[in-house]
Amino acid sequence: MKKPTMLTYLDEQLTKKITEYDVALDWNTKNHSIEVVFRLFAENSAHEQIDDAAGTLSEEEIIEFEDGILLFNPEKTIVDEEDYLAVIPYEGKKGIKQSILDGLVDYLNEVLTEGQSDLLDFLTDEEQEIFELKWSDTAFNEAVQNYQKADGDTYIAYPSY
């Protein structure tokens, strides 16, 4: 049996644990990064005018919100942290601790559940002017700690091309 890579392990965990949301992986070999891309959808039955971060107006019946988390190699990846909900470094070919990936999947599920609720509130509450997902490094680190004892220092390697 082949050892899992960051890509295969993450894909397996996301498929198993995040079933309610649209989540995908985007592996950028040139930039030595893996992006976890996710989308939230909500019905805009009132056809409210909504503008996105780029200022594009939409009155679509279904609102789609997309964001991502980037796993990156600090020595090789060019990254603008503002473009992502979170950025998480890994250790080159060695990869990343399994506990970090497990904690990431669990915490991301919480973020998406909360975010879906917040998006629906945003569409129905005239008082809310901005919608954005909320990421807490503290909560993420707690999720990772929950797996630290079980996973120990097991590393999941970065995929080879």
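Residues numbered from 1 in each chain as written. Predicted model: local features only at pLDDT ≥ 70, side-chain atom pairs only at ≥ 80, totals over all residues. Heavy atoms only, no water.

## Topic: the overall build of the protein chain
In step 1: Counting secondary structure elements, the protein chain contains three helices and eight strands.
In step 2: Reading the protein chain from its N terminus to its C terminus gives the helix and strand order α-β-β-β-β-β-β-β-α-α-β.
In step 3: Residues counted as buried form 41% of the 161 residues belonging to the protein chain.
In step 4: Taking contacts inside the protein chain between residues at least 6 apart in sequence as the whole, the part at least 24 apart equals 64%.
In step 5: When the accessible surface of the protein chain is split by element, carbon and sulfur atoms take 45% of a total near 10,000 Å². (Helix = DSSP H or I, 4+ residues; strand = E, 2+ residues; numbered from the N terminus. Buried < 20%, exposed > 50% of the residue type's maximum accessible area, 1.4 Å probe, protein only. Contact = heavy atoms within 4.5 Å. Areas by Shrake-Rupley, 256 points an atom, 1.4 Å probe, with all protein chains shown as cover.)

## Details of the confidence of the model for the protein chain
In step 1: Mean pLDDT over the protein chain works out to 90, with 89% of the residues at or above the 70 mark.
In step 2: Within the protein chain, the element-level pLDDT minimum falls on strand S4 (residues 57–58), averaging 60, and the maximum on strand S6 (residues 86–89), averaging 98. (pLDDT = per-residue confidence, 0-100.)

## Some points on the environment of Tyr-158
In step 1: Structurally, Tyr-158 can be placed in the segment after strand S8 (155–156).
In step 2: Once the C-alpha coordinates of Tyr-158 and Tyr-90 are considered, the two residues, 68 residues apart in sequence, prove to be 8.4 Å apart.
In step 3: When sequence neighbours within four positions are dropped, the list of residues in contact with Tyr-158 reads Met-6, Trp-27, Asn-28, Thr-29, His-32, Ser-33, Ile-34, Tyr-90, Gly-92, Lys-93, Lys-94 and Gly-95.
In step 4: A distance of 2.7 Å separates a polar atom in the side chain of Tyr-158 from a polar atom in the side chain of Trp-27. (Polar contact = N/O pair within 3.5 Å; in protein donor to acceptor, adjacent residues only side chain to side chain.)

## A short note on the packing of aromatic side chains
By convention here, two paired aromatic rings are described through the distance between centres and the angle between planes.
In step 1: One pass over the full model with this rule turns up six aromatic pairs.
In step 2: Their ring planes at 75° and their centres at 6.1 Å tell us that Trp-27 and Tyr-158 sit as a pair that is edge-to-face. Taken as a pair, Trp-27 in strand S1 (residues 22–28) and Tyr-158 in the segment after S8 lie far apart in primary sequence, 131 residues in all.
In step 3: Residue classification places Trp-27 among the partly exposed positions, given a relative accessible area of 26%. (Phe/Tyr/Trp six-rings, centres within 6.5 Å; stacked < 30°, edge-to-face > 60°.)

## Digging into unusual backbone geometry
In step 1: Of note in this structure, His-32 is not a glycine but carries a positive phi near 55°.
In step 2: Here His-32 is to be found in the loop between S1 and strand S2 (33–43).

## Thoughts on the nonpolar core
Within soluble globular proteins, side chains that are nonpolar generally end up buried alongside one another.
In step 1: Counting 39 residues, the largest nonpolar core has Ile-69, Leu-71, Leu-133 and Trp-135 as the members making the most contacts within it.
In step 2: Those elements that place two or more of their residues in this core are helix H1 (6–17), S2, strand S5 (62–72), S6, helix H2 (98–124) and helix H3 (137–151).
In step 3: Sort the elements by how many residues they give to this core and H2 lands first, with ten residues.
In step 4: In this view, Leu-133 contacts Phe-38, Leu-40, Phe-65, Asp-67, Leu-85, Val-111, Leu-112 and Gly-115; residues no more than four positions away in its chain are not counted. (Core = buried A, V, L, I, M, F, W, Y, C linked by side-chain atoms within 4.5 Å.)

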